[in-house]
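An overview of the molecular structure
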Amino acid sequence: MTSASSRLADRRRARLMVLRVLVLALLGTLVARLWYLQVRTGQTFRDAAAANDVRTVITPAVRGDILDDLGRPLVDNKSALTLSVDRNALLGTKDHGASTLARLASVLGTTPQAISAEIRPCTAQVSKPCWNGSLLQPVPIARNVSVQQALDVSEQHELYPGVTAGPDTVRRFPAPYSLNAAHILGYLSPVTEKELTAAEAKGEVMQRSDLVGRAGLEETYDSYLRGQAGQTQVSVDIVGHAQSTQASTPPVNGDHLVTSIDARIQAVAERELNNAVKRARSQISPIDGKPYAADSAATVVMDARTGRVVAMASTPTYDPNVWTGGISQSDYAALTSASAGTPLLSRAYQGQFAPGSTFKAVTTAAMLQDGFGTGTYDCSPNFSIGGQSFHNMEGESYGPISLKKAIEVSCDTVFYGVAYQMWQRDGGLHPIAHPLEPIATMAHAFGLGSKTGIDLPGEAAGEIQTRAEKQSLWNNMHGIWCKRAKDGYPELMGSDPTRAQYLQAIAKENCADGYEYQPGDAVISAIGQGGDLVTPLQLARVYAAVANGGTLYQPQIGRALIAPDGKVVKDMAPIVTRKLPLSGSTLAFLADALHGTSLEGTAGPAFAGWPENVIPTYAKTGTAEVYGKQTTSCFVGYAGTDTGPRYVVAMMVSQGGTGVGTSGPSVAAILAAIYGVDMGHPNPNSTLPTALPVVRPDGLLPALPPATSLPTPPPPSPSPTTNQ
């Protein structure tokens with residue numbers, strides 16, 4: 001009995017000992033943890049606690065204006081009404097804001113879920129839409145609302161607790177002279193998650209409600225135009241209520257961008273481009289007996305002595321105001337719709353056209369630098385090689401003529417013959433190790449086949465076909481061509497069997513020997529067709545280099561950046577890309593031939609009545625044939641004296657007919673507006689400003705006369721001094 005009691009007592013003592021050890025172990029762990037938290041990492045937690053007591057409130061900066069060369073706003077800001085939601089006040093209601101969101105959604109034509117998503121705080125687990133700003137700030141949920149929507153909220157505050165209607169700024173397009181310029185100016189849209197992350201990495205302040213440039217000048221100069229947001233550090237209590245301001249940094253408004261765009265000439269260019277399209281559609285194409293479709297077109301006006309763009313127009317276009325306050329899905333779909341002509345695409349620097357005979361300035365430069373003379377050439381109606389016959393337009397034949405005359409009358413067969421000789425010298429179908437390809441080489445020297453570097457995003461490079469380019473294309477497309485050669489184009493057989501059969505025949509040829517640079521490729525390229533494609537901007541740049549004596553400039557629209565207080569932040573000087581590999585005699589010959597084309601050649605009708613003795617003109621026409629389509633209208637002209645400013649205008653109209661018939665009159669009208677000819681006061685020094693506009697220290701722009709509508713020019717009348 002005693003022994004049993006003793007064993008029981010021993011077991012109890014053992015259990016008690018284990019319990020004591022466990023208690024001591026737990027106490028030791030707790031002490032160690034407390035030491036770690038309070039001593040080892042105490043400062044970290046104290047810093048975090050202090051940070052939790054401070055919130056950052058962001059004050060957005062006012063975005064800078066985009067101005068024309070006189071200082072007229074092309075884009076500025078206007079006061080608008082914005083609805084914002086105070087999330088803390090909303091959640092403080094009995095139903096946590098459910099009824100308020102339902103009423104607000106009804107006013108705005110949206111859903112409560114959509115609004116709720118916009119005002120929820122962003123976290124690692126919450127995807128956008130969400131709010132990444134301070135919870136002390138009201139969250140903007142609808143910009144540029146109507147007065148009635150703002151009144152519905154303001155006058156019934158008890159129904160909309162935490163919802164306020166207040167002033168805000170949104171982008172405005174003043175449109176002096178009723179211009180459009182949508183493709184130049186660009187638009188704004190909300191910042192993306194990627195941009196927020198990048199801004200955070202750079203130490204920049206951005207919120208999800210911020211808008212950034214997405215196209216045009218708004219995108220290129222976004223960092224200057226946006227300015228710097230202000231920050232206010234606010235201390236808060238345990239429930240997040242503001243107590244006091246710790247520090248404050250005011251916002252720095254964005255810089256103004258002065259452009260080389262002249263509002264008046266931009267409006268004239270847009271008007272004349274539309275006139276060219278109407279002119280084309282009023283004519284019947286001999287190819288299919290239908291009116292010309294004129295489905296897209298563009299024009300570029302460039303200062304030849306600086307490379308600055310004075311005007312740039314493209315059609316189809318769109319209303320830039322469609323982006324203000326946020327674009328709807330249906331509107332965006334219309335802007336990107338191929339059936340609507342993809343209005344979002346600027347044909348001026350993103351569209352690619354066959355240049356036709358306007359390319360002959362490049363071919364002529366290559367000829368003269370390659371040893372061909374300016375003497376006599378045979379302008380026969382046809383040129384035949386390898387079983388193919390290439391002809392002059394309408395079968396024209398001038399017999400033996402000079403090279404100057406060949407340019408003036410745009411004799412294709414002269415250039416066919418020269419291009420064929422160059423092709424043979426390079427080895428023909430069995431090329432030498434390093435073929436010279438003089439025409440393609442000269443085209444590249446003029447900047448064709450590569451981007452110009454203009455300060456606009458999304459520029460197209462164009463194409464200049466060479467032996468190497470054709471081989472590379474064949475390497476990439478061989479499999480596709482061979483498959484098409486076998487299977488054909490069943491998707492086209494029902495709607496356009498003729499085109500389907502033609503494309504299949506081409507696919508068979510390309511499958512077999514599409515890598516070969518045929519003689520036909522060479523001769524057709526000499527007149528700007530076949531594999532050659534250029535943008536209107538590139539074409540204007542080519543002729544600007546001829547007009548200024550051989551300097552190839554990088555086109556620019558940005559002229560200067562001016563701070564809100566009027567100080568010049570950055571003056572953008574002209575940028576020289578290169579000097580052309582042309583002799584003085586070659587440049588002089590080109591100028592003489594282009595002048596002759598304007599006076600007596602194919603461009604003559606466009607300049608009837610022009611005061612040539614005061615302001616000489618130079619021009620080249622082009623009518624490019626494109627398989628399956630109507631001809632592309634091309635026309636380039638420039639004007640000015642040897643010592644005065646010279647401006648180049650290039651216009652291209654897809655499926656628009658002839659160069660002189662469609663584009664010529666419009667190019668002449670744009671030049672007439674630049675030099676005052678349209679108002680009967682020709683000025684060889686032009687009518688465009690050369691100095692920067694002055695922004696006053698108080699931020700006010702220069703006072704300018706109203707630019708509501710373009711003056712109506714008098715009807716043209718023949719000039720006795722014009723040599724035709």
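Right, let's walk through the structure included here. (Residues numbered from 1 in each chain as written. Predicted model: local features only at pLDDT ≥ 70, side-chain atom pairs only at ≥ 80, totals over all residues. Heavy atoms only, no water.)

All right, on to the overall build of the protein chain then. Within the protein chain, the regular secondary structure consists of 23 helices and 23 strands. Within the protein chain, the proportion of its 724 residues that are buried is 48%. Counting only contacts in the protein chain whose residues sit at least 6 apart along the sequence, the fraction spanning at least 24 positions is 71%. About 33,500 Å² of surface is accessible on the protein chain, with carbon and sulfur atoms providing 56% of the total. (Helix = DSSP H or I, 4+ residues; strand = E, 2+ residues; numbered from the N terminus. Buried < 20%, exposed > 50% of the residue type's maximum accessible area, 1.4 Å probe, protein only. Contact = heavy atoms within 4.5 Å. Areas by Shrake-Rupley, 256 points an atom, 1.4 Å probe, with all protein chains shown as cover.)

What follows is about the nonpolar core. Among the nonpolar cores identified, the biggest contains 93 residues, and M312, F415, F446, I557 and V648 are the most heavily contacted of them. The element contributing the most residues to this core is helix α21 (residues 536-547), with nine residues. Setting aside residues no more than four positions away along its own chain, M312 makes contact with I184, Q266, T299, V300, A348, Y349, I454, L456, L537 and I557. In this structure, V310, W610, F635 and V677 belong to the second largest nonpolar core, which totals 36 residues. (Core = buried A, V, L, I, M, F, W, Y, C linked by side-chain atoms within 4.5 Å.)

According to the stated counting rule, one finds 12 aromatic pairs in the structure shown. Taking 5.0 Å as the distance between ring centres and 75° as the angle between the ring planes, the aromatic pair formed by W474 and Y515 counts as edge-to-face. One end of the pair, W474, is in helix α17 (residues 467-487); the other, Y515, is in the loop between α19 (497-513) and α20 (519-525), and 41 residues separate them in sequence. Overall, the relative accessible area of 16% leaves W474 in the buried class. Seen from their ring centres, Y502 and Y627 are 3.5 Å apart, and the 20° between their planes marks the pair as stacked. A residue pair is termed long-range when its members are at least 10 positions apart, and Y502 in helix α19 and Y627 in the loop between β21 (617-624) and β22 (632-639) qualify at 125 residues. Since its relative accessible area comes to 32%, Y502 is described here as partly exposed. Members of the aromatic cluster, each reached through a chain of ring pairs, are F383, F390, Y416, Y420 and W423. (Phe/Tyr/Trp six-rings, centres within 6.5 Å; stacked < 30°, edge-to-face > 60°.)

Our next topic: helix α22 (residues 584-599). For α22, with 16 residues, the first-to-last C-alpha span of 23 Å sits near the 22 Å given by 1.5 Å per residue. Those residues of α22 that fall on the buried side of the exposure criterion are T586, L587, F589, L590, A593, L594, G596, T597, S598 and L599. In this fold, the buried residues of α22 make contact with α13 (360-369), α14 (403-408), α21, β21 and β22. (Expected span 1.5 Å × (residues − 1).)

Our next topic: empty space enclosed by the protein. Applying the stated rule across the entire model yields three cavities of 30 Å³ or more. The space that makes up the largest cavity amounts to roughly 140 Å³. Around the largest cavity, the lining is made up of 13 residues, and of these E437, I439, A440, Y517 and A522 lie nearest the centre. Counting only elements with at least two residues in the lining of the largest cavity, the list comes to α15 (412-425), α16 (438-445) and α20. Its residues assigned to classes, the lining of the largest cavity shows eight nonpolar, two polar and three charged. (1 Å grid on protein atoms, 1.4 Å probe; cavity = no way out; pocket = protein on both sides within 12 Å on 5 of 7 lines; lining within 4 Å. Points joined across faces, edges and corners; volume = space filled by probe spheres on them. Nonpolar A, V, L, I, M, F, W, Y, C, P; charged D, E, K, R; others polar.)

Where nonpolar side chains cluster on the molecular surface, the patch consists of L16, L19, V23, L24 and L27 and spans about 460 Å² of accessible area. Along the chain, V23 turns up in helix α1 (residues 2-40). (Patch = residues over 30% accessible without salt bridge, like charges linked within 9 Å, V, L, I, M, F, W, Y side chains within 5 Å. Salt bridge = Lys/Arg side-chain N within 4 Å of Asp/Glu carboxyl O.)

Quick look at the state of the cysteines now. Applying the stated rule across the entire model yields two disulfides. There is a disulfide in this structure between C379 and C411, and the S-S distance comes to 2.1 Å. One quick way to see it: the torsion about the S-S bond of C379 and C411 is about 110°, and its sign makes the bridge right-handed. With a gap of 32 residues between them, C379 in strand β13 (residues 376-379) and C411 in the loop between α14 and α15 connect regions that are remote in the sequence. Of the two residues examined, C379 and C411, each falls in the buried class. Here C482 engages in a disulfide with C511; their sulfurs sit 2.0 Å apart. Given an S-S torsion of about 90°, the disulfide between C482 and C511 has right-handed geometry. Taken together, the residues span a long stretch of sequence, with C482 in helix α17 and C511 in helix α19 at a distance of 29 residues. The exposure class assigned to C482 is partly exposed, which follows from its relative accessible area of 23%. (Disulfide = S-S within 2.5 Å.)

Now for the sheet that holds strand β11 (residues 296-303). With antiparallel pairing, the five strands of this open sheet are ordered in space as β12-β11-β23-β22-β21. Two strands in the sheet have a free side with no partner beyond their single neighbour: β12 (309-315) and β21. Mean inter-strand twist for the sheet, computed between neighbouring axes without regard to direction, equals 5°. With seven bridges joining them, β22 and strand β23 (residues 647-654) adopt antiparallel strand pairing. (Pairing = 2+ DSSP bridges. Axes fitted to C-alpha atoms, helices over the stretch in contact; angles between N-to-C directions.)

Side chains Y377 and C379 of β13 all project onto a buried face; the interleaved residues T376 and D378 project onto a face where none is buried. With four bridges connecting them, β13 and strand β16 (residues 399-402) associate as antiparallel partners. Following the sheet pairing, C379 is matched in β16 by G399.

The next thing to look at is a positive patch on the surface. Judged by side-chain charge, R7, R11, R12 and R15 come together as a positively charged surface patch. Turning to its location among the elements, R11 is positioned in helix α1. (Lys, Arg positive; Asp, Glu negative; His and termini not counted. Charge placed at Lys NZ, Arg CZ, Asp CG, Glu CD.)

Running from N to C, α13 and α15 cross one another at 45°; their axes reach a closest spacing of 11 Å. Taken together, the axes of α13 and α15 lie oblique to each other. Considering the relative orientation of α13 and α15, their crossing is left-handed. Mapping the contact onto sequence places K360, T363, T364, A366 and M367 in α13 and D412, F415, V418 and M422 in α15. Within the contact of α13 with α15, the residues separate by chemical class into five nonpolar, two polar and two charged. (Parallel < 35°, antiparallel > 145°, perpendicular 65-115°, else oblique. Left-handed = near helix turned anticlockwise from the far one by under 90°.)

Opposite charge on two side chains permits them to pair, given that their charged atoms come into close proximity. Scanning the model with the defined rule gives 17 salt bridges in all. R214 is the partner of E195 in a salt bridge, and the nearest nitrogen-oxygen pair spans 2.7 Å. Of this pair, E195 sits in helix α8 (residues 193-202) while R214 sits in the loop between β7 (211-213) and α9 (216-220), and the two are 19 residues apart along the sequence. Judged by relative accessible area, E195 falls into the partly exposed class, the value being 27%. Taking the relative accessible area as the measure of exposure, R214 reaches 21% and is therefore partly exposed. Among the ionic pairs, D642 bridges to R646, the shortest N-O distance being 2.6 Å.

Turning our eyes to something else, we now look at the side chain of T315. Secondary-structure assignment places T315 in strand β12. Aside from chain neighbours lying at most four places away, what touches T315 is L273, N274, V277, S296, A297 and R347.

What follows deals with the packing of helix α11 (residues 263-281) against helix α23 (residues 659-675). Two numbers describe how α11 lies on α23: the axes approach to 8 Å, and their chain directions differ by 160°. One element, α11, and the other, α23, form an angle in the roughly antiparallel class. When the axes of α11 and α23 are compared, the crossing they make is right-handed. For the pair formed by α11 and α23, the contact residues are R264, I265, V268, A269, E272, N275, A276, R279 and A280 on the first element and G661, T662, P665, S666, A669, I670, A673 and I674 on the second. Looking at the contact of α11 with α23 residue by residue, the class counts come to 10 nonpolar, four polar and three charged.

An ideal rise of 1.5 Å per residue puts 16 Å on 12 residues; α21 measures up with 16 Å between its terminal C-alpha atoms. Of all 12 residues in α21, 12 are buried, a share of seventy percent or more. Turning to α21, its buried residues are P536, L537, Q538, L539, A540, R541, V542, Y543, A544, A545, V546 and A547.

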